[in-house]
Amino acid sequence: MIAHLDRKLLRDLKRLRGQAAAVSLVMACGLAMLIMARSLISSLEGTRAEYYQTNHFAEVFASLKRAPNHLADRIRALPGVATVQADLAVPVTLDLPGLDEPASGIVRSLPDFGEPELNRLFLRRGRWLSPGSRGEVLVGEAFAKANALNPGDTLTMLLNGRRQTFHLAGIVLSPEYIFESRPGAALPDNRTYGIFWMPYKEVATAWDLYGAFNHLAITLAPGAGERPVIAGVDRLLRPYGGLGAFGRKDHPSHIRVTDEIRVLTILSIGFPIVFLSVAAFMTNAVLTRLLSLQREQIAILKAFGFTNRQIVVHYLKFAFVMVLAGLGLGLLGGVALGQNLVVMYELFFKFPDLRFRLDGPAVAIALGVGLGTVTLGVLDAVRRAARLPPAEAMRPEPPANFRPSLIERTGIARLLSHSFRIAIRNLERRPAQALFTVAGLALATALLILPNSFKAGISEVLDFQWDVVQRQDVNLGLVEPSSARLAHELARLPGVTSLEPSRSAAVRVHFQGRSRQIGLRSLLPGGRHSRAVDRAGREISPPPHGVILSSKLADVLGAKIGDTLVLEALEGRRPFANVPLTALAEDFTGIAAYMDLHAINRFLGEGDVITGASLTLDLSRRAEFLAALKEIPRVSTVAIKETMRQAFRETTAQSMGVIQSIYLTFAVIVAFGVIYNNARISLAERARELATLRVVGMTQHEVGAVLVTELVILALLAVPLGLLMGTGLTTFIIGSVNTETIRLPLVFTTYTYAFAVVVVLIASTLSAFVVLRKLKHLDLIAALKAPE
């Protein structure tokens with residue numbers, strides 16, 4: 001008996017293949033994103049965990065001015081410390097052929113003999129440094145790729161003011177630099193900033209640091225707490241210019257990978273829920289229509305001995321077939337998209353072997369979620385149909401209440417066509433079906449808002465960050481804090497049209513038990529270069545006795561304007577100060593605090609000191625300026641605005657653009673699927689009624705107008721609701737995925753909403769065209785044959 005039901009199932013699927021295919025395609029979109037996102041999370045987490053374990057990534061880190069090597073033994077004796085690795089990290093400037101601006105970076109020391117205990121390197125190409133060698137260097141892969149460097153090439157470096165030439169021995173990766181960026185920068189600039197490794201003796205000799213260290217990496221003993229170890233390390237390093245130890249969770253590279261995983265986690269939940277909700281509405285519509293048309297068949301099945309349970313399972317199988325088809329397509333799509341996104345991740349996440357790993361549990365979750373969604377969508381309708389007594393089911397479904405519609409009762413129906421009145425009457429008499437259709441169309445419309453809002457947000461970041469907030473052309477960083485008199489020397493460089501000195505310091509901000517280790521940046525009252533801007537785009541003038549926080553940092557700390565914060569300096573004499581929070585600045589990369597330049601120097605107990613400068617240039621003399629800059633040894637970093645903007649386009653903006661394109665494609669597919677499915681169901685449900693209208697004298701044009709009018713009315717009701725829902729969904733998603741390192745502003749443009757409306761309009765037009773073609777070939781005699 002079961003075989004007979006299965007043959008009937010195949011016949012039903014063949015007859016309703018268009019609607020079934022639309023449901024499966026919509027479901028495939030949701031399941032593909034679920035499988036893609038969960039598998040990418042598994043790939044990133046698994047690869048990172050293996051990399052950390054294999055290459056002995058440290059758990060606590062600290063930078064300092066200078067300490068004798070024997071201090072490492074005292075740190076090793078702290079309770080909870082398992083391994084201590086003391087090394088050197090010094091700034092370097094490079095003069096690369098073909099690169100106008102000077103490149104910069106960090107040189108890290110390696111043991112003269114043997115490999116390091118912690119943060120071991122992975123050799124990608126070339127060879128290791130020869131024991132006891134001089135004049136050789138290893139370079140990070142991100143910098144090497146950006147500058148087309150290969151083993152055997154030569155590099156000209158400025159080490160502590162002395163120009164030297166080195167041979168590139170090998171290209172390497174480090175677990176410390178999965179994401180390479182300048183210290184304090186949220187965005188990479190791999191063409192002008194890199195990481196390098198040399199033997200300890202060579203680095204120490206160049207910087208007069210022999211017998212000393214200025215960087216620590218530590219692993220913890222099993223069961224040891226991170227906070228007591230950090231407190232002990234800070235206590236021992238304080239006399240030696242310690243800049244504040246921090247744990248792995250606060251490591252810049254680790255944070256960037258963690259943020260990406262967090263974004264994927266949000267997207268693996270939010271989008272699939274909406275897509276699968278749409279699929280549930282569509283499945284309910286298809287099954288409800290099928291059950292309505294097969295009342296008599298259900299009665300006959302029960303008369304021949306099929307139980308209610310067998311009939312329920314039979315119709316659930318219809319829904320499950322669509323789920324399995326959607327899962328198959330979703331699995332293929334999720335794997336294909338995931339593999340492409342892994343290639344994109346390789347642009348800025350440097351792992352030895354990052355591969356797409358299909359997450360088996362994600363596939364099981366996708367199957368379970370898909371089956372659960374359609375079961376919830378159709379179970380009640382299937383059970384009600386199966387419970388009908390055979391005698392009642394053999395009779396045609398009772399007609400709806402054919403009372404005049406609301407429009408007809410108001411008297412304005414006389415002004416409307418017969419087709420319009422019939423359409424209104426049908427919608428009013430089936431309010432539940434109309435409500436479900438409007439809900440599905442609204443969700444489909446809502447999905448079209450987010451992708452274009454993403455796109456608009458990316459454009460806003462490009463304009464806001466580098467035209468509104470940072471109006472200078474170049475930022476310079478100094479090797480050491482210097483007298484403000486150096487600014488006059490920099491201002492005399494060729495092509496400089498204006499210069500503003502800057503001061504930055506490493507600080508820890510405390511508020512009500514929460515804290516963050518950040519960079520404190522200077523602002524100048526009336527400054528024309530770097531500015532702090534509030535949410536409304538108004539410039540914030542730095543107060544003489546207060547601090548400005550980025551809005552994200554204030555959210556993290558739970559602070560608001562007027563609260564008193566505690567600033568703890570992590571350099572010099574490490575003073576503390578209670579300062580009021582005077583304003584919140586809007587920014588989209590990183591988190592920071594801002595103070596008046598002179599206020600920073602007063603807080604640190606220093607004189608008129610600067611750590612850098614911002615400049616605007618006569619662009620016709622740009623090459624002359626950059627050439628002169630390469631001859632100034634006290635400049636350690638150079639950040640050119642246009643280079644940073646281009647780096648953002650090539651990495652972060654590109655990755656967001658790829659994700660935006662995927663979601664936009666899926667959203668368009670869903671919109672077309674929902675509208676087409678609704679139009680086909682409307683035609684199939686009302687074939688007998690429409691055939692009757694033709695027989696009684698209405699033209700094909702008038703009959704077609706009934707269906708088109710229903711579709712238009714439903715779309716007019718759904719689109720405004722969908723735009724409202726899309727605004728709310730976009731606000732929630734973008735707010736959830738914004739992190740401390742990179743954020744997108746919430747931007748809704750006319751284009752964003754117009755695009756959603758146009759897609760729904762085109763989908764409605766094409767669906768109407770398909771339905772009208774079907775109506776043209778409607779077999780009137782077959783449609784009018786109905787069992788008594």
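Draft legend 1. Summary view of a positive patch on the surface. There is a patch of like positive charges on the surface, built from K14, R17, R773, K774 and K776. With three residues, helix 24 (residues 750–776) is the largest single contributor of residues to the positive patch. Its place among the elements puts R773 in helix 24.

Draft legend 2. Representation of helix 14 (residues 431–447) in the model. The terminal C-alpha atoms of helix 14 lie 24 Å apart, and with 17 residues this matches the ideal 24 Å at 1.5 Å per residue to within 8%. For helix 14, the complete set of buried residues consists of A434, T437, V438, G440, L441, A442, L443, A444, T445, A446 and L447.

Draft legend 3. Focus on the pairing of strand 4 (residues 103–110). The buried fraction of strand 4 is high, at eight of eight residues. Along strand 4, one buried face is formed by A103, G105, V107 and S109 and the opposite face, lined by S104, I106, R108 and L110, is buried too. Bridge count for strand 3 (residues 89–95) against strand 4 is six bridges, and the pairing is antiparallel. From the neighbouring strand, V92 faces strand 4, where its bridge partner is G105.

Draft legend 4. Expanded view of helix 18 (residues 597–604). In terms of burial, helix 18 is largely enclosed, as six of its eight residues are buried. Buried within helix 18 are the following residues: L597, A599, I600, N601, F603 and L604. N-cap assignment for helix 18: the residue whose side-chain oxygen lies 2.9 Å from the backbone N of H598 is D596. Positive phi shows up at G605, right after helix 18, with a value of about 70°.

Draft legend 5. Structural detail: the domain arrangement of the protein chain. What the domain assignment reports for the protein chain is domain 1 (55–255), domain 2 (430–469 + 643–788) and domain 3 (496–617). Once you take the C-alpha centre of each, domain 1 and domain 3 turn out to be 28 Å apart. Contacts between domain 1 and domain 3 engage 10 residues on the former and eight residues on the latter. Across the domain 1/domain 3 interface, buried area totals approximately 700 Å², and carbon plus sulfur atoms make up 44% of it. Joining domain 1 to domain 3, the criterion identifies zero salt bridges. Taken together, the links from domain 1 to domain 3 amount to two residue pairs in polar contact (both at pLDDT 80 or more). Broken down by class, the residue content of the side of domain 1 that touches domain 3 amounts to five nonpolar, three polar and two charged.

Draft legend 6. Here's a closer look at empty space enclosed by the protein. For the coordinates displayed, the defined rule picks out five cavities of 30 Å³ or more. Reported here for the largest cavity is a volume of approximately 280 Å³. Around the largest cavity, the lining comprises 19 residues; the ones closest to its centre are E260, V263, S655, M656 and I742. Within the residue set of the lining of the largest cavity, elements represented by two or more residues are helix 7 (252–293), helix 9 (308–345) and helix 21 (652–685). By residue class, the composition of the lining of the largest cavity is 10 nonpolar, five polar and four charged.

Draft legend 7. Broad picture of the sheet that holds strand 20 (residues 576–585). Here we have six strands rolled up into a closed barrel, ordered 14-15-21-18-20-19, and mixed in their pairing. Shown here is a sheet whose adjacent strand axes are inclined to one another by a mean of 45°, direction ignored. Relative to the sheet, helix 18 contacts strand 14 (504–511), strand 15 (514–523), strand 19 (564–569), strand 20 and strand 21 (593–596), its axis offset from that of strand 21 by approximately 95°.

Draft legend 8. Structural view of the pairing of strand 15. As paired elements, strand 14 and strand 15 share eight bridges and run antiparallel to each other. Its bridge partner lying in strand 15, A506 is registered against G519. The turn joining strand 14 and strand 15, which pair antiparallel and follow one another in sequence, is formed by two residues; a positive phi near 50° is taken by Q512. For strand 15 and strand 21, the ladder comprises four bridges, and the chain directions are parallel. Residue L520 lies in a different strand from strand 21, and its bridge partner there is A593.

What counts, and at which threshold
- Residues numbered from 1 in each chain as written.
- Predicted model: local features only at pLDDT ≥ 70, side-chain atom pairs only at ≥ 80, totals over all residues.
- Heavy atoms only, no water.
- Patch = residues over 30% accessible without salt bridge, like charges linked within 9 Å, V, L, I, M, F, W, Y side chains within 5 Å.
- Areas by Shrake-Rupley, 256 points an atom, 1.4 Å probe, with all protein chains shown as cover.
- Salt bridge = Lys/Arg side-chain N within 4 Å of Asp/Glu carboxyl O.
- Lys, Arg positive; Asp, Glu negative; His and termini not counted.
- Charge placed at Lys NZ, Arg CZ, Asp CG, Glu CD.
- Helix = DSSP H or I, 4+ residues; strand = E, 2+ residues; numbered from the N terminus.
- Expected span 1.5 Å × (residues − 1).
- Buried < 20%, exposed > 50% of the residue type's maximum accessible area, 1.4 Å probe, protein only.
- Pairing = 2+ DSSP bridges.
- Polar contact = N/O pair within 3.5 Å; in protein donor to acceptor, adjacent residues only side chain to side chain.
- Domains from an automatic or database assignment.
- Contact = heavy atoms within 4.5 Å.
- Buried area = accessible area lost by both parts, 1.4 Å probe.
- Nonpolar A, V, L, I, M, F, W, Y, C, P; charged D, E, K, R; others polar.
- 1 Å grid on protein atoms, 1.4 Å probe; cavity = no way out; pocket = protein on both sides within 12 Å on 5 of 7 lines; lining within 4 Å.
- Points joined across faces, edges and corners; volume = space filled by probe spheres on them.
- Axes fitted to C-alpha atoms, helices over the stretch in contact; angles between N-to-C directions.

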